[in-house]
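Overview (structure and organization)
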Amino acid sequence: MCQISNAYLNFPDCRVFIFLYSFPRYRRAMRILVIEDEPRMLELLRKGLYERDFTVMTAADGETGLEISSTHQFDSIVLDIGLPKLNGYGVICALRSRGLMAPVLMLTARDAEDDIIRGLEMGADDYLTKPFSFAELVARLQSITRRRRHEENSTIEAGDVVVDPIRHSVTRNNQSIDLTRNEFLLLVCLARRTGQCVARQTLMEFVWGPDHAVRPNTLDFLVNSLRAKIDTPYSRKLIGTVRGAGYVFRRLANAHGEAAR
Ligand code: CA
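The structure presented is a predicted model; accordingly, all values stated were derived computationally and were not measured.

**Quick word on the overall build of the chain**
- A tally of regular secondary structure across the chain gives nine helices and 14 strands.
- Counting every position in the chain, which comprises 261 residues, the buried fraction comes to 32%.

Right, here's the structure in full:
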C-alpha cells in the first residue's frame, strides 16, 4: 500500500513542504532539496522531480535552504543563485565549510561565464542555465550524485600520505598520524587539490566557515602545526607555501622525492 503524507515545517518566512513516502519504491528514490525563490519555477521543479520518483524538499530562500540541508541528508541539491536572504554562493560556501558535501547543481538565470566559474570554484558540482530541459536536469542530477558517492567512498592518496575521510584517519608511510579536527580539515582541503595552489581564503573558509573572524596568521599557525606532524619527521616535504597566495600540497613526481613545485 502506498502511503504519502505531506507536512509543513514552520520555518520563518518560508513554507517548507516535506513529502514522505513509505512505499518501498520511494525509499530507494534519490532525495533532492530544491532551493528556488521563484514560485512557478519551484513548483515546476518539485512536481517534475516528484513525478520522476524523486523525494523532494523545497525552500524558497537561501537561509531556509541552508538550515534544511544542515539537518537532513540529501543525495543532491538544486540551487538557484539569485535568492533572498542568502544567495546561492553563500549557501554553497556555508555548506562546504560545514563539511556538507551533498552535490550541488546550480541554476543560473543567464549564461554569464564569471558567475558560473565563481559557483564552481566555491564548490558547486555542475550548473544549468535557465531555461533548461527537464530531461537534462535529471541526467545531470544523477551524474553528480554518482560522482559524489564515488568520491566520498574513496580515500585520498597523495604521495605516501593516505587520508580516509570516512574513518577520519591519516597515515604517512604507513604510520598513523593523529590530527586535530582543524588540522584534518586543512589536510583534506589541500590533499583534494594536490598540485594546485589553494588560496588562503578558501582554506580559512573551509576550516572555520564563511563568517569566520580568525586572524590571517591563525591559518599560518595551523599550517605549521600540520607540518609538524605530516612533514617534519620526513625528508620529503609535502606542504609548500605559495607566497602571497596560499598553500600547495605537492605532488610527488617520482621515487626520489622530486616535487611538482
Ligand atoms: Ca531567483
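After presenting the structure, the write-up continues.
**Regarding the environment of V104**
- On the secondary structure map, V104 appears in strand β6 (residues 104-108).
- Taking C-alpha positions, V104 is 6.0 Å from V78, a pair spaced 26 residues apart along the chain.
- If we ignore the near neighbours within four places in the chain, the residues touching V104 are I77, L79, I92, G123, A124 and D125.

**A few points about the environment of G88**
- Tracing the backbone shows G88 in helix α4 (residues 88-97).
- Since 26 C-beta atoms lie within 10 Å of it, G88 is described here as buried.
- Considering only alpha carbons, one finds G88 and T108, 20 residues apart in sequence, at a separation of 9.6 Å.
- Leaving out residues up to four positions away in the same chain, G88 has contacts with G62, L79, D80, I81, L83, M106 and G119.

**Let's talk about the environment of D125**
- Position of D125 relative to the elements: it lies in the loop between α5 (113-122) and β7 (126-129).
- Sequence spacing of D125 and A102 is 23 residues, and the spatial spacing of their C-alpha atoms is 9.4 Å.

**Comments concerning helix α7 (residues 181-191)**
- Here α7 has its buried residues at E183, L186, L187, L190 and A191. Seen along its axis, α7 keeps its buried residues to an arc of 120°; they face one direction.

**Overview of the nonpolar core**
- The biggest cluster of nonpolar side chains holds 35 residues, and the ones touching the most others in it are I32, L33, I35, V78, L79 and I92.
- Of all the elements in the fold, those that place two or more residues in this core are β3 (31-35), α2 (39-51), β4 (55-59), α3 (62-71), β5 (76-80), α4, β6 and α6 (134-153).
- A per-element tally of this core places α4 first, with six residues.
- Apart from the residues within four sequence positions on either side, L33 is in contact with M57, A59, G65, I68, S69, F74 and I77.

**Notes on the sheet that holds strand β12 (residues 197-199)**
- Taken together, three strands build an open sheet; the order of strands is β12-β14-β13 and the sheet is antiparallel. Of all strands in the sheet, those with a lone pairing partner are β12 and β13 (239-242), marking the two edges. The average angle at which neighbouring strand axes cross in this sheet is 35°, direction not considered.
- Pairing of β13 with strand β14 (residues 246-249) involves four bridges; the strand directions are antiparallel. For G240, the partnering residue across the bridge sits in β14 and is V248.
- In the packing of α7 onto the sheet, the strands contacted are β12, β13 and β14, and the crossing angle to β14 comes to about 75°.
- The sheet strands contacting helix α8 (residues 200-208) are β12 and β14, and the helix crosses β12 at an angle near 65°.

**Quick look at the packing of α4 against α5**
- The contact between α4 and α5 brings their axes to 9 Å, and the two run at 15°. Of the possible angle classes, the one that applies to α4 and α5 is roughly parallel. The interaxial crossing formed by α4 with α5 has left-handed handedness. Within the contact between the two elements, α4 uses G88, Y89, I92 and C93 and α5 uses R118, G119 and M122.
- By residue class, the composition of the contact of α4 with α5 is four nonpolar, two polar and one charged.

**What to know about the sheet that holds strand β8 (residues 156-158)**
- Pairing is antiparallel across the open sheet formed by four strands, whose spatial order is β8-β9-β10-β11. Taken across any chain shown, the strands that pair with only one partner, and hence form the sheet edges, are β8 and β11 (175-177). Across this sheet, the average inter-strand angle for adjacent strands is 20°, counted without regard to direction.
- Sheet analysis places β8 next to strand β9 (residues 161-164), joined by three bridges and oriented antiparallel. Looking across to β9, one finds that E157 is bridged to V162.

Criteria and thresholds
Residues numbered from 1 in each chain as written. Predicted model: local features only at pLDDT ≥ 70, side-chain atom pairs only at ≥ 80, totals over all residues. Helix = DSSP H or I, 4+ residues; strand = E, 2+ residues; numbered from the N terminus. Buried ≥ 20, exposed ≤ 12 C-beta atoms within 10 Å, placed from the backbone. Contact = placed C-beta atoms within 7 Å. Arc of directions from axis to C-beta. Core = buried A, V, L, I, M, F, W, Y, C linked by C-beta atoms within 7 Å. Pairing = 2+ DSSP bridges. Axes fitted to C-alpha atoms, helices over the stretch in contact; angles between N-to-C directions. Parallel < 35°, antiparallel > 145°, perpendicular 65-115°, else oblique. Left-handed = near helix turned anticlockwise from the far one by under 90°. Nonpolar A, V, L, I, M, F, W, Y, C, P; charged D, E, K, R; others polar.

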